[in-house]
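Working through the structure, step by step
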Amino acid sequence: MKIKKMAVLIASLTMTIVGAMFISQKNVDAAKVTSVNDSVATLYKLDGSKITNRALGPNSNWLVGRIFTHNGETFYQVATNEYLKSNDTTKLFDNTNTSLNYTPNIQKINDYFIKYLNALHVANGTPTVTTTADMFEYANHRAYQQVGNTMDHSTRPGDTEENLYGLGYDYILKYGQYEKMTSDKEVAYYLLKGWYDDNGNAMYSAGQVGHFGHRAALIYTGSPAALGMSDNSTSLSAEWTTDYEGFESIYQYTGSNPDTKFVSEDAVQ
């Protein structure tokens, strides 16, 4: 963390209905699989425009590459520039771990996370925050911008506070049952605790200024704030706090544990 002052099927010969043919998919290197619901599913380009000469057959399974959320809708990549709306599917799963019967929903995860974040603020005497559609869009954009496990704050298009996490749909689907992430609420709490503990801070080791930077950004999050997620990362994005002194008191801390309060998982219903 950088510190800164802060188709529907149409009766037409031009429509191709593609069934469950994993082998035909190009440039989708992933273990994720999605199942189309019992209707023909429209395909979209990355810019959101519909693809009019292809669609996916009902009840077919497809490998999924990148995942992104735009304008409140989540899309699964099924070919080089072909995406499927998550609302047109019944589930998303890892084909090496089919026992996890849970598909993450970033809209609901964000709702839970903001509730947990506000509980944390109340416990530490800092102002509560709100979330907005614009900040949610921004946070999802930031998560989608990340490549692999290389988190990069320098690509922010705006002067925003930010926590990044190298965890997204891929990790949850593969390891969620082992990490107590089998519901949207549990995912939200897992992310909150991970940033609060900061045991895996990739930028600053223990004893360095900035090691508890993620915790500082949690307790002194500005408003509005939102959580976004892609296949490989998560972003907490927010306006900067106006309490720079409070923020710096945690960011500059070099001991083993700042004097702050955490919240229990049952703090949010």
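Further up the page is the structure itself.
Okay, so let's go over this structure. Only a predicted model underlies this, so the values are computations on that prediction, with no experimental measurement involved. (Residues numbered from 1 in each chain as written. Predicted model: local features only at pLDDT ≥ 70, side-chain atom pairs only at ≥ 80, totals over all residues. Heavy atoms only, no water.)

1. Looking at the nonpolar core
Counting 50 residues, the largest nonpolar core has Phe113, Leu192 and Leu218 as its most contacted members. Of all the secondary structure elements, the ones that give two or more residues to this core are helix 1 (106–124), helix 2 (133–145), helix 3 (169–175), helix 4 (184–197), helix 5 (213–219), strand 11 (225–229), strand 12 (234–238) and helix 6 (244–251). For this core, the element with the highest residue contribution is helix 1, accounting for eight residues. When residues no more than four places from it in sequence are discounted, the contact partners of Leu192 are Phe113, Tyr116, Leu117, Leu120, Leu218, Phe262 and Val263. Grouped together as the second largest cluster of nonpolar side chains are eight residues, Leu43, Trp62, Val78 and Leu84 included. (Core = buried A, V, L, I, M, F, W, Y, C linked by side-chain atoms within 4.5 Å. Buried < 20%, exposed > 50% of the residue type's maximum accessible area, 1.4 Å probe, protein only. Helix = DSSP H or I, 4+ residues; strand = E, 2+ residues; numbered from the N terminus. Contact = heavy atoms within 4.5 Å.)

2. With respect to the sheet that holds strand 11
Here we have three strands laid out as an open sheet, ordered 10-12-11, and antiparallel in their pairing. Two strands bound the open sheet, and with one partner strand each, they are strand 10 (161–165) and strand 11. Ignoring strand direction, the axes of neighbouring strands in this sheet form an average angle of 15°. Taken together, the five bridges between strand 11 and strand 12 define a ladder with antiparallel strand orientation. Its bridge partner being in strand 12, Met229 is matched across the sheet by Thr234. (Pairing = 2+ DSSP bridges. Axes fitted to C-alpha atoms, helices over the stretch in contact; angles between N-to-C directions.)

3. Observations regarding unusual backbone geometry
Here the amide bond leading from Ser223 into Pro224 is cis, since omega sits at 5°, within 30 degrees of zero. As for its placement among the helices and strands, Pro224 is situated in the loop between helix 5 and strand 11. Unlike most non-glycine residues, Asn59 shows phi in positive territory, near 60°. On the basis of relative accessibility, which here comes to 56%, the residue Asn59 falls in the exposed class. A positive phi angle is found at Lys180, which is not glycine, with a value near 55°. With respect to the helices and strands, the residue Lys180 is situated in the loop between helix 3 and helix 4.

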